[in-house]
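# Chains, contacts and geometry: an overview
Okay, here's what each chain looks like letter by letter:
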Amino acid sequence: MRMSSAASRSEFVEHVATAVGMALACSGYAMLGESQRLLSGGWLLGAVLAAGLSCIVLSFSVGELAAMFPSAPGIRTYLRHAFGDTASLALTLLLFSLVGLFASVEVHYFLAAAREVLPELSEFWTGVAVIVMVCAVNLVGLEAPRRMQVAITALLVLSLVGFSWAALAQSDSASLGRNAPPVPPSLATFVIVSGGCVFLFTGFEWVTSMGRSPESYRARIPVAMPVSLCVLLVVIGSLAWASDGLRSEARYALMPHLALGARVGGPLGVQCMVMASLASMITTFNAGLMGASRLLYAVSRERRFFEWGARVSARRGTPYGAVFSLSGLALMAHALTHALHAHGTVELVCAAIYCLVYSAFLVATVRLRQLRPGSPRVFRSPIPAWVQLLVAALFALMSCAVLATDIRLVSASVSVFMAAVVGSALLARYFVQRAPSPRAALRPQSS
Amino acid sequence: MAELRATLERFQLRVNDNARVRALITGWDRTLVVRGTGPEDALAVRFEGGLVRDLRPAMADEKAEVILHAETRVLCDVFTGVANPAQEFLEGTLQVFASDRDQVKLDAIALILWD
């Protein structure tokens with residue numbers, strides 16, 4: 001069942017756009033701003049490059065896993081076959097906590113940008129409104145056309161790169177990296193910042209469940225992921241390089257794209273970058289939240305979550321139990337982070353969780369090669385196994401290191417991270433030890 | 001082919017007899033292609049007007065909004081309610097190529113029919 005080359009190209013472009021759109025998030029810009037506090041100039045670019053290259057290595061491994069299990073939701077399926085039910089479920093539940101936490105910081109940093117144009121916006125209530133609106137869109141079952149995702153992502157990429165290059169053209173090369181870093185760049189600092197920069201590339205792997213046919217997993221999806229990461233390297237590298245000399249503008253400390261907008265276009269430039277923030281949030285939420293609620297629904301259907309997660313609207317066929325669960329989690333995280341002013345902490349925890357999950361994907365690829373050497377793989381990672389394990393160790397190291405990004409937040413970051421990890425592990429153990437569903441119990445008799 | 005076809009015919013009768021499922025699929029006009037492992041285990045099912053209207057052999061390059069791939073045994077288990085499609089999907093034994101919404105809709109049919 002081969003697709004025409006035009007359809008094949010169109011699918012490839014959609015996968016690249018989705019992967020890029022998932023990664024370009026308002027919280028990512030804030031993380032870049034946070035990274036610029038610790039490193040500048042070539043060192044910062046080096047950290048972005050290290051994070052991007054690590055993710056490219058990872059993307060080949062994820063491509064191999066996707067080729068083994070086409071259309072399957074990666075974190076649950078790949079990791080279950082590699083590490084067993086409990087470990088896979090623990091990491092899946094950790095991902096759900098990440099979705100809630102991430103939504104809260106994404107909304108916060110979007111509103112921080114939006115208040116540059118509409119200063120009277122209430123952060124708390126507008127944040128609640130945004131989350132409720134996303135929930136409603138999911139409940140109604142609206143899905144933005146894929147072409148819209150491509151168009152918005154293309155505009156976003158062009159505007160970020162265009163503003164970055166315009167800013168670079170305006171400034172003389174001597175001004176780049178002119179701000180001395182607050183601490184001398186040590187190896188530890190470099191690893192910490194690289195861990196933070198991984199967060200700028202995260203989300204690209206969500207395309208693995210979006211293939212249109214088994215053929216998609218032969219090359220389109222495995223290649224779309226590294227290509228999207230190369231696009232992201234150009235966008236983020238340009239943004240990091242161009243905004244590096246603008247750190248003295250404290251107003252935009254955590255919004256480097258707004259600093260660029262102000263430098264290049266004044267108030268109009270800021271407005272353009274606020275629109276870019278909106279586009280970033282839309283592309284992230286559009287591709288991410290429906291996918292996450294579908295995964296939670298499926299996990300609930302196999303009795304690995306509370307039964308309410310499997311509730312589905314008889315009229316629309318939307319998984320309202322899963323949508324309410326994730327939206328409720330996001331609202332709770334929003335209220336808590338708002339009350340405690342803990343956005344910085346939550347963002348670091350999200351980055352640490354992502355690094356941990358990515359490390360698990362890399363180890364899973366190597367482990368499955370040992371456990372199932374004969375399983376068909378229509379795509380195989382060209383990266384040697386030892387390099388994959390090395391990068392897995394690096395991700396694990398970065399997962400710990402990123403929590404130390406802000407020395408004032410270390411204890412809070414470590415506490416929230418540990419609470420999420422231990423909570424997910426305990427819940428996973430509880431769900432796995434529950435009795436299997438009646439139909440699952442029937443299965444051995446049927447075969 | 002015969003086993004899968006017989007299974008899907010029973011599924012068609014069951015869907016069309018169930019008022020809740022008919023309400024669920026009203027307005028959901030889709031073609032579902034089911035591909036098993038046997039050389040001729042490929043069937044196209046047409047959902048239209050709140051009913052399963054048509055069941056026919058699928059062409060090799062048949063385009064459809066929803067495509068299912070699995071071993072024929074797994075497909076038969078799924079369409080008779082013996083296996084939980086969500087579980088098979090998460091185990092990687094059932095491949096589903098469709099939009100998120102269509103995937104949930106299809107699973108919801110199984111949920112109403114057998115759970």
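Residues numbered from 1 in each chain as written. Chains lettered and ligands numbered in written order. Predicted model: local features only at pLDDT ≥ 70, side-chain atom pairs only at ≥ 80, totals over all residues. Heavy atoms only, no water.

### Remarks on the pairing of strand S2 (residues 42-48) of chain B
Two faces belong to every sheet, and in a regular strand the side chains alternate between them. Residues and elements named next belong to chain B. The buried fraction of S2 amounts to five of the seven residues, a majority that puts the element mostly inside the structure. Here six bridges tie strand S1 (residues 30-35) to S2, and the two strands are oriented antiparallel to one another. Each bridged residue has a counterpart across the sheet, and for Leu32 the counterpart in S2 is Val45. In textbook terms, the turn of a hairpin is the stretch between consecutive antiparallel strands, and for S1 and S2 this stretch comprises six residues. As defined by bridge partners, S2 adjoins strand S3 (residues 51-57) across six bridges and the pair is classed as antiparallel. Bridge pairing in S3 places Leu43 opposite Pro57. Between S2 and S3, which follow one another and run antiparallel, lie two residues, and Gly49 among them has a positive phi close to 60°. (Buried < 20%, exposed > 50% of the residue type's maximum accessible area, 1.4 Å probe, protein only. Helix = DSSP H or I, 4+ residues; strand = E, 2+ residues; numbered from the N terminus. Pairing = 2+ DSSP bridges.)

### Comments concerning helix H13 (residues 385-401) of chain A
Between its first and last C-alpha, H13(A) extends 24 Å over 17 residues, near the 24 Å set by a 1.5 Å rise per residue. The secondary structure elements touched by the buried residues of H13(A) are helix H3 (41-68), helix H8 (187-198), helix H12 (343-371) and helix H14 (410-433) of chain A. (Expected span 1.5 Å × (residues − 1). Contact = heavy atoms within 4.5 Å.)

### A look at the pattern of salt bridges
Across all of its chains, the model carries 24 salt bridges over all chains by this definition. Residue Glu307(A) pairs with Arg303(A) through a salt bridge whose shortest N-O separation is 3.5 Å. With a relative accessible area of 55%, Glu307(A) lands in the exposed category. Of the charged contacts, one joins Asp102(B) and Arg30(B) as a salt bridge, the two residues approaching to 3.1 Å between their closest N and O atoms. Pair noted here: Asp102(B) is in helix H5 (residues 100-114) and Arg30(B) is in strand S1, with a separation of 72 residues, a long-range link. Among the residues examined, Asp102(B) registers a relative accessible area of 5% and is labelled buried. If you follow the salt bridges from partner to partner, you end up with Arg76(A), Arg80(A), Asp85(A), Glu302(A) and Arg304(A) in one network. (Salt bridge = Lys/Arg side-chain N within 4 Å of Asp/Glu carboxyl O.)

### A few points about the nonpolar core
Judged by nonpolar contacts, the single largest core of 190 residues is most densely connected at Phe201(A), Phe361(A), Phe395(A) and Ile109(B). With 20 residues, the top contributor of residues to this core is helix H5 (residues 85-114) of chain A. Excluding anything up to four places from it in sequence, Phe201(A) contacts Ala23(A), Val48(A), Ala51(A), Gly52(A), Cys55(A), Leu229(A), Leu232(A), Leu233(A) and Ile236(A). (Core = buried A, V, L, I, M, F, W, Y, C linked by side-chain atoms within 4.5 Å.)

### Description of the environment of Arg251(A)
Among the structural elements, Arg251(A) can be located in the loop between helix H9 (220-243) and helix H10 (256-301). Sequence separation between Arg251(A) and Leu121(A) is 130 residues; the distance between their C-alpha atoms is 17 Å.

### Quick look at the interface of chain B and chain A
Across the contact, 39 residues belong to chain B and 41 residues belong to chain A. Where chain B touches chain A, the interface holds two salt bridges. For the pair chain B and chain A, the number of links is nine residue pairs in polar contact (both at pLDDT 80 or more). The element contributing the most residues to the side of chain B that touches chain A is H5(B), with 10 residues. Taken together, the residues that form the side of chain B that touches chain A break down as 18 nonpolar, eight polar and 13 charged. (Polar contact = N/O pair within 3.5 Å; in protein donor to acceptor, adjacent residues only side chain to side chain. Nonpolar A, V, L, I, M, F, W, Y, C, P; charged D, E, K, R; others polar.)

### Examining the confidence of the model for chain B
Mean pLDDT over chain B: 90, with 99% of residues reaching 70 or higher. Note on the complex model: pTM 0.91, ipTM 0.91. (pLDDT = per-residue confidence, 0-100.)

### Let's talk about a nonpolar patch on the surface
Residue and element names in this part refer to chain A. On the surface, Met133, Val137, Val140 and Leu142 cluster together into a nonpolar patch covering about 350 Å² of accessible area. Structurally, Val140 can be placed in helix H6 (residues 123-140). By relative accessible area, Val140 is classed as partly exposed at 36%. (Patch = residues over 30% accessible without salt bridge, like charges linked within 9 Å, V, L, I, M, F, W, Y side chains within 5 Å. Areas by Shrake-Rupley, 256 points an atom, 1.4 Å probe, with all protein chains shown as cover.)

### Let's talk about the packing of H5(A) against helix H11 (residues 320-340) of chain A
Residue and element names in this part refer to chain A. Between H5 and H11, whose axes approach to 8 Å, the crossing angle comes to 50°. In terms of axis orientation, H5 runs oblique to H11. Here the hand of the crossing between H5 and H11 comes out right-handed. Here Phe96, Ser97, Val99, Gly100, Leu101, Ala103, Ser104 and Val107 of H5 come into contact with H11, specifically with Leu326, Leu329, Ala330, Ala333, His334 and Thr337. (Axes fitted to C-alpha atoms, helices over the stretch in contact; angles between N-to-C directions. Parallel < 35°, antiparallel > 145°, perpendicular 65-115°, else oblique. Left-handed = near helix turned anticlockwise from the far one by under 90°.)

### So, the packing of aromatic side chains
Residue and element names in this part refer to chain A. Tallied over the entire structure, the rule returns 20 aromatic pairs over all chains. Relative to Tyr358, the ring of Tyr354 has its centre 5.5 Å away and its plane inclined at 50°; by these criteria the two rings are tilted. One end of the pair is Tyr354 and the other is Tyr358, both in helix H12 and four residues apart, which spans about a single turn. For Tyr354, a relative accessible area of 8% translates into the label buried. Taking relative accessible area as the criterion, Tyr358 reaches 0% and is therefore assigned buried. Site record: aromatic cluster; members linked through ring pairs are Phe305, Phe306, Trp308, Tyr430 and Phe431. (Phe/Tyr/Trp six-rings, centres within 6.5 Å; stacked < 30°, edge-to-face > 60°.)

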